[in-house]
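# Notes for the structure review
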Amino acid sequence: MRLVIRLLAVALLVALAGAGTFFLLYGRDGEPERFSDDTEHFKYGSIGAEVNGYPYIVWRTLPHLFPDRAPKGWATFGFSQEPGRILPVGVSVRKYGIPRVGFNCATCHTSTVNGVKELTLGAPANKLDLGVYLRFLTDTAADPGLRRITSLRKPPNTRRELGGWIASCIATS
Ligand code: HEC
């Protein structure tokens with residue numbers, strides 16, 4: 001009888017730990033990101049587009065994995081990049097299962113004018129070429145280089161290890 005109780009207790013603990021891990025990894029989806037400053041909100045706030053977005057870590061890493069195809073990072077395709085910012089203007093992040101990126105209005109409605117460095121918010125993003133951007137996504141998905149990189153090591157199962165895994169792929173590729 002004691003053994004049964006012990007086994008039940010262990011089973012309960014395992015179930016609780018499993019449920020807790022699942023909740024930490026996939027539960028509690030983030031609210032759309034808001035910034036109290038209107039211009040920051042326009043540039044980096046969420047309009048809810050992350051729901052089907054690329055995983056943040058993949059999107060952030062992709063240009064680094066293909067420096068020959070994206071020599072200036074996302075700026076290669078005309079995205080505006082502010083100094084000190086990881087993501088370009090017009091890209092928001094939100095946890096939706098996992099952290100994902102999405103575009104907002106500033107993606108297509110922000111640019112620089114006449115060589116002036118400062119961004120003009122609301123201007124048409126005349127340098128942005130979403131066609132070339134989409135081709136980059138499909139081309140890199142089919143690139144044997146991606147297979148070479150991803151086959152270096154088995155990808156980890158947990159999000160905690162994913163960053164280190166991708167960093168090691170970049171370091172060894
Ligand atoms: C994928 C790129 C893209 C995104 C994202 C985008 N727009 Fe646009 N928007 C355009 C394009 C291109 C035009 C011009 C369409 C035309 O002239 O036929 C436009 C036109 C407009 C216009 C009309 C401007 C005028 O002079 O008539 C408004 C207003 C506007 N967008 C607001 C928004 C808002 C608000 C959002 C975010 C909720 C947004 N746009 C997101 C590409 C985009």
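Residues numbered from 1 in each chain as written. Predicted model: local features only at pLDDT ≥ 70, side-chain atom pairs only at ≥ 80, totals over all residues.

Attention now goes to the overall build of the chain. Looking only at helices and strands, the chain has seven helices and four strands in total. Along the chain, helices (α) and strands (β) appear in the sequence α-α-α-β-β-α-β-β-α-α-α when read from the amino end. Taking contacts inside the chain between residues at least 6 apart in sequence as the whole, the part at least 24 apart equals 54%. (Helix = DSSP H or I, 4+ residues; strand = E, 2+ residues; numbered from the N terminus. Contact = placed C-beta atoms within 7 Å.)

Another aspect to go through is the environment of Arg94. With respect to the helices, strands and loops of the structure, Arg94 is situated in strand S1 (residues 91-96). Along the chain, Arg94 and Val51 lie 43 residues apart, while their C-alpha atoms are 8.3 Å from each other. When neighbours within four sequence positions are excluded, Arg94 is seen to be in contact with Gly30, Pro32, Glu33, Ser46, Glu50, Arg100 and Gly102.

In this structure, S1 lies alongside strand S2 (residues 98-103), joined through six bridges in antiparallel fashion. From the neighbouring strand, Arg94 faces S2, where its bridge partner is Arg100. (Pairing = 2+ DSSP bridges.)

Around the ligand lies a shell formed by Ile47, Phe103, Cys105, Thr107, Cys108 and His109. No other element matches helix H4 (residues 105-108), which puts three residues into the shell around the ligand. Across the shell around the ligand, the residue classes break down as four nonpolar, two polar and no charged. (Near = placed C-beta within 6 Å. Nonpolar A, V, L, I, M, F, W, Y, C, P; charged D, E, K, R; others polar.)

Attention now moves to helix H3 (residues 56-65). Taken residue by residue, H3 has Tyr56, Arg60, Leu62 and Pro63 as its buried positions. Looking down the long axis of H3, one finds its buried residues gathered within 150° of arc, a one-sided arrangement. Its buried side turned inward, H3 meets S1, S2 and helix H5 (130-142). (Buried ≥ 20, exposed ≤ 12 C-beta atoms within 10 Å, placed from the backbone. Arc of directions from axis to C-beta.)

Take the confidence of the model for the chain next. For the chain, the mean per-residue pLDDT works out to 84, and 80% of the residues sit at or above 70. H4 holds the highest mean pLDDT among the elements of the chain, 97, whereas helix H7 (residues 159-172) holds the lowest, 60. (pLDDT = per-residue confidence, 0-100.)

Within the secondary structure layout, Ile98 lies in strand S2. Between the alpha carbons of Ile98 and Ile57 there is a distance of 9.5 Å; along the sequence they are 41 residues apart.

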